[in-house]
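What follows is each chain in one-letter form.
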Protein chains: 2
Amino acid sequence: MTPTRQDAPPRAARDERTREARRDALAESALTTLGELGYARTSLREIAANSEFSHGVVHYYFRDKTELITYCVRYYKARCVHRYDGVVAESRTAPELLIAFSDKLVETIVDEAPMHRLWYDLRTTSMFEEALRPDVVAIDASLQDMVWRVVSRYAELAGRPLVVTPGVAYAMLDGVFERCLLRHLAGERDALDELRAAVRGALPLLLRAD
Amino acid sequence: MTPTRQDAPPRAARDERTREARRDALAESALTTLGELGYARTSLREIAANSEFSHGVVHYYFRDKTELITYCVRYYKARCVHRYDGVVAESRTAPELLIAFSDKLVETIVDEAPMHRLWYDLRTTSMFEEALRPDVVAIDASLQDMVWRVVSRYAELAGRPLVVTPGVAYAMLDGVFERCLLRHLAGERDALDELRAAVRGALPLLLRAD
DNA sequence: CCAGAGTCTTGACGAGTGTCAAGACTCTGG
DNA sequence: CCAGAGTCTTGACACTCGTCAAGACTCTGG
């Protein structure tokens, strides 16, 4: 066998890597577009216009629109489900974690509002389109775990047990977050402060009364 | 002046009433269609197909699609915001109200699932389309009031004050409800029982510890 | 340098959309 | 019974969409 140079891998392998890079680039452009327009109004031409390619190239890297969207959804998930792990790891007391977590929520609702509304859009759309449901359910479960890591660590630091299930804890916090996102997008000034206050007030309620 | 017969009002008045009846009939058909397909995939032809009229008639009674949708949204609101008033009026103790309210939530999530997912669809869509936002915000406020009537009456019967604002109480319950709706639509059997249990477990948390 | 595989652009297609105009139908006042 | 206002249907329009085929461009192995 002819030995291959290590810094020049065989053709197929290199192609596979650039191919993956192209798919990721298209996914980035797609996510930008989806965050601006929403699922229903996002067209392949608009996605391509937000990329460096023309509209036909999408079908060169993805079988159809559904495959692109699915790829985007998974791409998105991989990027966001560990958003609060730092908060969990670095907080030393329960009040400290409460403050860091609520601040982080406010930060992300400001910095990543389009991605958040896209997620709610996809989740709602999955109530009508079964094709989206498996991926949405998987992400929802990941988000529930993410919240549970925060909440259970909070309880641990507080030295008091939780009185809610992971599902209910996630649903409650998510409800608060979604409502504040809507109000923030509607331009309500105090939405952010209320989110912070709401979370700081709500988390202690999930602990057994001492 | 020639007196008009009381059981035969002038032409214009009668026309106005039948015109209103037509608009309501179209709104009913539109809501059915919207609940089945969602906001984005509902077309005027599909709405007309679910009515006794042809597709052109929509523009005879509504200026454009937006006016029809707006009319539908308000029509929907008027029908649903007093859903739990009976529960509030008839319950005599806090535990009784808790049971009646949670049962009613389960009942409506089963019987009116399409309308509920439509509401979430509209609310999410309003994050992208400003035209929908005023009506959505108004309905959201009505729903918050609706929940607050339940929750505050519950606190009153329990003889303990609430420790959350109306907005947070609504957001938390709505989050639990939305999550269970999604799971119910996904065919998860225990979604309904979990909704019931979640609400019965959650409402007491909103009262000051005794 | 050149053939050929790989990559990307362009333009077309059929289906579906909101909108509207022209005309057919219906009902009623005189 | 008839004219005309009111109501509804039909068919067309301009447009956008996902998809795909034909060809142009790019890059590289030999």
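Quick caveat: nothing in here was measured; it's all calculated off a predicted structure. (Residues numbered from 1 in each chain as written. Chains lettered and ligands numbered in written order. Predicted model: local features only at pLDDT ≥ 70, side-chain atom pairs only at ≥ 80, totals over all residues. Heavy atoms only, no water.)

Undergrad: In this structure, what is going on with the interface of chain B and chain A? I would like to understand it.
TA: Put simply, an interface is often sized by how much accessible area is lost when its parts join up. Between chain B and chain A, the residue contacts involve 40 residues of the former and 41 residues of the latter. Of the roughly 3400 Å² buried where chain B meets chain A, counting both sides, 71% is carbon and sulfur surface. Broken down residue by residue, the surface that chain B buries against chain A is led by M127, F128 and L182 of chain B, which jointly contribute 24%. Counting the contacts that link chain B with chain A gives four salt bridges. With a closest N to O distance of 3.5 Å, E178 of chain B and R123 of chain A form a salt bridge. The dominant element in the side of chain B that touches chain A, judged by the number of residues it contributes, is helix α9 (residues 166-185) of chain B, at 12 residues. (Contact = heavy atoms within 4.5 Å. Buried area = accessible area lost by both parts, 1.4 Å probe. Salt bridge = Lys/Arg side-chain N within 4 Å of Asp/Glu carboxyl O. Helix = DSSP H or I, 4+ residues; strand = E, 2+ residues; numbered from the N terminus.)

Undergrad: Could you clarify how one ought to interpret the protein's contact with DNA strand D in this entry?
TA: As a matter of local geometry, DNA strand D sits amid 18 residues, with K65 of chain A together with R22, S54, H55 and Y61 of chain B nearest to it. If you look at DNA strand D and keep only atoms within 4 Å of the protein, 55% of those are sugar or phosphate atoms. With respect to DNA strand D, the side chain of H59 of chain A contributes an N or O atom lying 3.1 Å from a phosphate oxygen. Within the side chain of Y60 of chain B, one N or O atom sits 2.8 Å away from a phosphate oxygen of DNA strand D. For the surface near DNA strand D, the elements supplying multiple residues, two or more each, are α2 (44-49) of chain A together with α1 (11-37) and α3 (58-61) of chain B. Broken down by class, the residue content of the surface near DNA strand D amounts to five nonpolar, seven polar and six charged. (Near = heavy atom within 4 Å. Polar contact = N/O pair within 3.5 Å; in protein donor to acceptor, adjacent residues only side chain to side chain. Nonpolar A, V, L, I, M, F, W, Y, C, P; charged D, E, K, R; others polar.)

Undergrad: For this particular structure, what's the right way to read the UniProt feature "domain: HTH tetR-type" (unreviewed entry) in chain A?
TA: The positions that UniProt labels "domain: HTH tetR-type" (unreviewed entry) are, in the present scheme, residues 20-80 of chain A. Between the end C-alpha atoms of residues 20-80 of chain A there is a gap of 20 Å, over a span that is 72% helix and 0% strand. (UniProt positions renumbered as here; feature names shortened; annotations may be inferred.)

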